[in-house]
Amino acid sequence: MLNNDIVGNTTGVGGARDDRNVRVFSEGIQAAADLDAVKAQRANGGEQDSPSRALARAIRRVAEQEGGVQVIAVGRPDRYQRGGDHTAFLNEGISAAVRFSEVTENYDHQHQTLRTENGKFYGDTIQFVDFPYLARVTALNMAVIRELATAPAAPDSVTISGALSADTTVGWSPVAGASGYRIRWRRADKADWTDSRDVTGHQSSLLLRDVNIDHHFFGVSALSSGGQESVVTFAGPAPRK
């Protein structure tokens, strides 16, 4: 779910201006009263690898390819003490939901009754919309939708093995229509993927030599014949022996 909420202004309440970036807010592990549900969420991904964070990474990747506007991926569900329309989707179990928002908000032009006080105008009116900026944010949304709609579905599950070894084996569930897969990994103290390797659609596992399982994170995405990439499915914990 791509929620665009407060994305048309480029001059902040303090006078700062930014028409080159857009913020994308994403939630980590969702809160759950059921301990088993919490454990399941942790098994499916760490705080940096929830479905919403995976979607935010995909958005940033597409933005880097398109070049119209850059993404500041904020690892938080929303702005402090405020919420957006994507929150209801998260609460209903739509686990991949993010919020696009401008970088320099002007609070005098949000949720205000139209008025002028002490020479200052309050209200959300059309003269404060930066249409070229809004067009670039809209183009990014369309590019993300096009990329994910053209790509195969993400793998349902990804597993890893290789405890007590210098190597790691990554396995994944096959995806119908996938022409290939991209295996991604990063050192455990990094926030974003740093390394990757592509394989054909006939494979469902890959041995990564000299990549230690204990201080790396892993994930797999599916590729179309045209190179479109799904979101990355995070590798769950290695099974206990």
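Provided above is the structure to which this section pertains.
Residues numbered from 1 in each chain as written. Predicted model: local features only at pLDDT ≥ 70, side-chain atom pairs only at ≥ 80, totals over all residues. Heavy atoms only, no water.

Visitor: Would you take a moment to explain the sheet that holds strand E2 (residues 21–26) for this structure?
Guide: Strands belonging to one sheet form pairs held by backbone hydrogen bonds; the direction of such a pair is parallel or antiparallel. Spatial strand order, E1-E4-E2-E3: 4 strands in an open sheet with mixed pairing. Edge strands, defined here as strands with exactly one partner in the open sheet, are strand E1 (2–4) and strand E3 (70–74). Neighbouring strand axes in the sheet, compared pairwise and without regard to direction, differ in orientation by 30 degrees on average. In the sheet, E1 pairs with strand E4 (residues 98–102) via 3 bridges, with the strands oriented parallel. By the bridge assignment, Leu2 is partnered in E4 with Val98. (Pairing = 2+ DSSP bridges. Helix = DSSP H or I, 4+ residues; strand = E, 2+ residues; numbered from the N terminus. Axes fitted to C-alpha atoms, helices over the stretch in contact; angles between N-to-C directions.)

Visitor: Explanation requested: the side chain of Asp78 in the structure shown.
Guide: By the secondary structure assignment, Asp78 is in the loop between E3 and helix H3 (86–91). Take Asp78: its relative accessible area is 5%, and that puts it in the buried class. A polar atom in the side chain of Asp78 sits 3.1 Å from the side chain of Arg79. Within the structure, Asp78 has its side chain in polar contact with the backbone nitrogen of Gly84 (distance 2.8 Å). In this structure, Asp78 is in contact with Phe25, Gly83, Gly84, His86 and Arg99, ignoring residues within four places of it in sequence. (Buried < 20%, exposed > 50% of the residue type's maximum accessible area, 1.4 Å probe, protein only. Polar contact = N/O pair within 3.5 Å; in protein donor to acceptor, adjacent residues only side chain to side chain. Contact = heavy atoms within 4.5 Å.)

Visitor: Any chance you could explain the packing of aromatic side chains here in plain terms?
Guide: For any pair of aromatic rings, the description consists of the separation of the ring centres together with the inter-plane angle of the planes. Using the criterion set out here, one finds 3 aromatic pairs in the structure. On the numbers, 5.3 Å between centres and 50 degrees between planes, the contact of Trp172 with Tyr181 is tilted. We classify Tyr181 as buried; its relative accessible area is 1%. Here the guanidinium or amino end of Arg76 rests over the ring plane of Tyr80, the centre of that ring lying 4.1 Å away. Cation over ring: Arg115 sits above Tyr122, and NZ or CZ is 4.3 Å from the ring centre. (Phe/Tyr/Trp six-rings, centres within 6.5 Å; stacked < 30°, edge-to-face > 60°. Lys NZ or Arg CZ within 6 Å of the ring centre and 35° of its normal.)

Visitor: In this structure, what is going on with the sheet that holds strand E11 (residues 205–208)? I would like to understand it.
Guide: The strand order across the open sheet formed by 3 strands is E7-E8-E11, and the pairing between neighbours is antiparallel. What marks the edges here is a single partner per strand, and that holds for strand E7 (158–161) and E11. Going across the sheet, the axis of each strand differs from the next one's by a mean of 20 degrees, ignoring polarity.

Visitor: Which parts of the structure should I look at to understand the packing of helix H2 (residues 51–66) against helix H4 (residues 131–150)?
Guide: Two elements in contact, H2 and H4, have axes whose closest approach is 9 Å; the angle formed by their N-to-C orientations is 110 degrees. With respect to their mutual orientation, H2 and H4 come out roughly perpendicular. Crossing hand, H2 versus H4: right-handed. Across the interface between the two elements, Leu55, Ile59, Arg61, Val62, Ala63 and Glu66 of H2 pack against Leu140, Ala143, Val144, Arg146, Glu147 and Leu148 of H4. Residues that form the contact of H2 with H4 fall into these classes: 8 nonpolar, no polar and 4 charged. (Parallel < 35°, antiparallel > 145°, perpendicular 65-115°, else oblique. Left-handed = near helix turned anticlockwise from the far one by under 90°. Nonpolar A, V, L, I, M, F, W, Y, C, P; charged D, E, K, R; others polar.)

Visitor: Mind showing me how you'd approach the nonpolar core here?
Guide: Of all hydrophobic cores here, the largest spans 18 residues; its most connected members are Val170, Trp172, Tyr181, Ile183, Leu208, Phe218 and Val220. Looking at this core, the elements with two or more residues in it are E7, strand E8 (168–172), strand E9 (180–187), E11 and strand E12 (216–223). Judged by nonpolar contacts, the second largest core, of 17 residues, contains Val24, Val62, Leu140 and Val144. (Core = buried A, V, L, I, M, F, W, Y, C linked by side-chain atoms within 4.5 Å.)

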